[in-house]
Amino acid sequence: LSIRLPKGVVLPGRLMEVRLDYGCIEIICQIGEEPRSGSTVIGVDLGVNTVIAATDGEKAILVSGREIKATIQLRNKRLAEITAKQAHKTKGSRRHKRLQRRKHRMCATAKNKLRDLCHKATRQVACAFPNAQAYVGKPFNNAAQKMGRRQAQTVSSACNRKIISLLNYKLAACIKVEEAYTSQTCPVCGERSKHRRTYRCQCGFVAPRDVVGSTNIRTIGIEGAMR
């Protein structure tokens, strides 16, 4: 199979891979990174309801992730409905193929919407902290195993790795650090306790829990551990 690029189209880097994705051709190129330097250091906490919480120690920004969460839940619901209908059809039949095409169209639409939402969320952080060096908590690993069925599905379907990749080229750098207990530790007195959306410490410190997490992640990135 030979593919000819239209006239005037120049690849931005070395051609690495070409994929055929149900009528769309994806071309992957390797682009050389230019040296970047960030003057501002921020901490980034990724979540579900609040997809991004970022702070530089003086100001903080919270980006809602409810639309991303709703898109993922709707995609999973539609996917389960189509799969249930396919189970009653003969594989290779006309109705089975029609449902298969419907499944691919639905997944492609959800993928494009999620990619657009992730770009908009990371752009807000890039505009608030231009050319900053970011420390971000590592994506969830075994957290979904300790949750209920619905919560586990939401956590396991989070777009954390995609968001980290987008932040890495929109900012000066994006470095992953361990985020254990960052949302449960007070950045003022160091007391560890569990709270809901708002963190209220006995020392009088009050802030959104996601801001507490991003503040501690920033401290870990700069000093190597929480104070």
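Just so it is clear, the structure is predicted and the values come from calculations on it, not from any experiment.

Each value, and the rule that gives it
- Residues numbered from 1 in each chain as written.
- Predicted model: local features only at pLDDT ≥ 70, side-chain atom pairs only at ≥ 80, totals over all residues.
- Heavy atoms only, no water.
- Helix = DSSP H or I, 4+ residues; strand = E, 2+ residues; numbered from the N terminus.
- Buried < 20%, exposed > 50% of the residue type's maximum accessible area, 1.4 Å probe, protein only.
- Contact = heavy atoms within 4.5 Å.
- Areas by Shrake-Rupley, 256 points an atom, 1.4 Å probe, with all protein chains shown as cover.
- Phe/Tyr/Trp six-rings, centres within 6.5 Å; stacked < 30°, edge-to-face > 60°.
- Lys NZ or Arg CZ within 6 Å of the ring centre and 35° of its normal.
- Pairing = 2+ DSSP bridges.

1. Topic: the overall build of the chain
- The secondary structure content of the chain amounts to 5 helices and 9 strands.
- Going from N to C terminus, the chain has its helices and strands arranged as β-β-β-β-β-α-α-β-α-α-β-β-β-α.
- Taking all 227 residues of the chain together, the buried fraction comes to 32%.
- Of the contacts formed within the chain by residues at least 6 apart in sequence, a portion of 58% connects residues at least 24 apart.
- In the form shown here, the chain has an accessible surface area of approximately 15000 Å², with 49% of it arising from carbon and sulfur atoms.

2. Comments concerning the packing of aromatic side chains
- Enumeration over the complete set of coordinates arrives at 0 aromatic pairs.
- Its end group placed over the ring of Phe129, Lys59 keeps NZ or CZ at 5.2 Å from the ring centre.
- Taking NZ or CZ as reference, Arg192 lies 4.0 Å from the ring centre of Tyr181, over its face.

3. Re the pairing of strand 2 (residues 24-30)
- Here 7 bridges tie strand 1 (residues 14-21) to strand 2, and the two strands are oriented antiparallel to one another. Pairing of Asp21 across the sheet is with Cys24, part of strand 2.
- Count of turn residues in the strand 1/strand 2 antiparallel hairpin: 2 residues, of which Tyr22 carries a positive phi of about 50°.

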